[in-house]
Amino acid sequence: MNMKYLLYGLVSFFVFTSFAVNHESEEAGICNTTNTTFNGNEQLRYDVYYNWNFVWVRAGYVNFSASETTYAGKPSYHFKATGRTLSSYDNVYKVRDYYQSYVDKSTMKPLKYVRDIDEGGYTKYEELRFDYGANKIASKVGKTKDKLESKTYSLDGCTFDVVSIMYHLRTMDLDGYNVGDKIPIKVFFNEDKYDLYVKYLGTDTVKVKKQGKFKCHKVSPLLIEGDIFTETDKMVIWVTADENKLPVMIESPIKVGSIKAVIGNAENLKYPVDAKL
C-alpha cells in the first residue's frame, strides 16, 4: 500500500468535503449564519481505510474538536483537526498533520487558520488571518514556523479555510435542496483559492462500519484533478438527516485504489442521533 496516496486522500477528504452556503446567501454575497447545530465542546473521530486489491485496511484517523474562546476580542469557536497514520505505518510513511481554525461565533466566518504538517519528512507551516474590513487574507507560509514568508491575497465573498467550512456546512439546511442542485463554494487552501461546487444527490440509507445504519443526505463534491484524483473520480459524502448534520461516511476512488473515512466516535453532540435506524 502506497502511504503517500493514503496521506493525500486523508487530507483531501476534509479539504473537499466543503459543502456551502445556501443559494440565497451566495447570490446576495452574504455568508453569515448562526450555529444551532453543534455544541462548543464536540469531539469527532474518523477512521480512514485504504482499499487495494479488494482489501480494506485501517491506516489512519482524523480527529476534530471544538471549544469556545475569545479571538481578536470576539467570542469565537476554536476548531482543531488532527490527521495521522497509525503507528504501525509510521516506518513506511509517517503523517502528523495539525489544523486549527478560529471562527466568529456570531457569523461562523473564519478569523484565523493554521496548518502545520509533517508528511513523510515534508514539512509545511501556513497561517492565514482573515481581514473583512480590508477584504484581505494575510498569509505566512514556510517549511517551518521559524522560516516564514508573508503574502497577501484578496478576500472575496464567502471564502473559508478547510476546517471552518465543515462546521459552516452543519449550520445549513440541506432539506431545501433538490436532487441535482449544485451548491457553489469558495475554499482557500495551500496558497490558492478554489471555486468549487457540491452536487446534492438526495437522501439515502447508509450502513457505517461498527456504527449501524443512518438516514442521510448524500452529496458529491467537485474534485480537483491532480496527484490523487482523476477528472472522473466521484467522492460521495453521507451526512445525517437530523439536527446534528453529522458526516458519517466519505468514500472516493483515487488513482491507486480507493479510500473511505467513517465516523468512529462522536462525543458531546447537541442532539440525539435521530437519523440512526
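The notes below deal with the structure included here.

Below, the discussion takes up the environment of F64. In this structure, F64 sits in strand 2 (residues 55–71). Taking relative accessible area as the criterion, F64 reaches 2% and is therefore assigned buried.

This paragraph deals with the environment of V248. Turning to its location among the elements, V248 is positioned in strand 14 (residues 247–253). A C-alpha to C-alpha distance of 10.0 Å links V248 and K213, two positions 35 residues apart in sequence. Beyond its immediate chain neighbours, meaning those up to four positions away, V248 contacts V206, V208, C216, W238, T240, A261, V262 and I263.

Here we come to the pattern of salt bridges. Under the counting rule described, the total for this entry stands at 11 salt bridges. Across the pair R45 and D47 runs a salt bridge, and its minimum N-O distance is 3.6 Å. Here R45 falls in the partly exposed class, since its relative accessible area comes to 28%. Residue classification places D47 among the buried positions, given a relative accessible area of 13%. Linking D90 and R96 is a salt bridge whose minimum nitrogen-to-oxygen distance equals 2.6 Å.

Calculation notes
Residues numbered from 1 in each chain as written. Predicted model: local features only at pLDDT ≥ 70, side-chain atom pairs only at ≥ 80, totals over all residues. Heavy atoms only, no water. Helix = DSSP H or I, 4+ residues; strand = E, 2+ residues; numbered from the N terminus. Buried < 20%, exposed > 50% of the residue type's maximum accessible area, 1.4 Å probe, protein only. Contact = heavy atoms within 4.5 Å. Salt bridge = Lys/Arg side-chain N within 4 Å of Asp/Glu carboxyl O.

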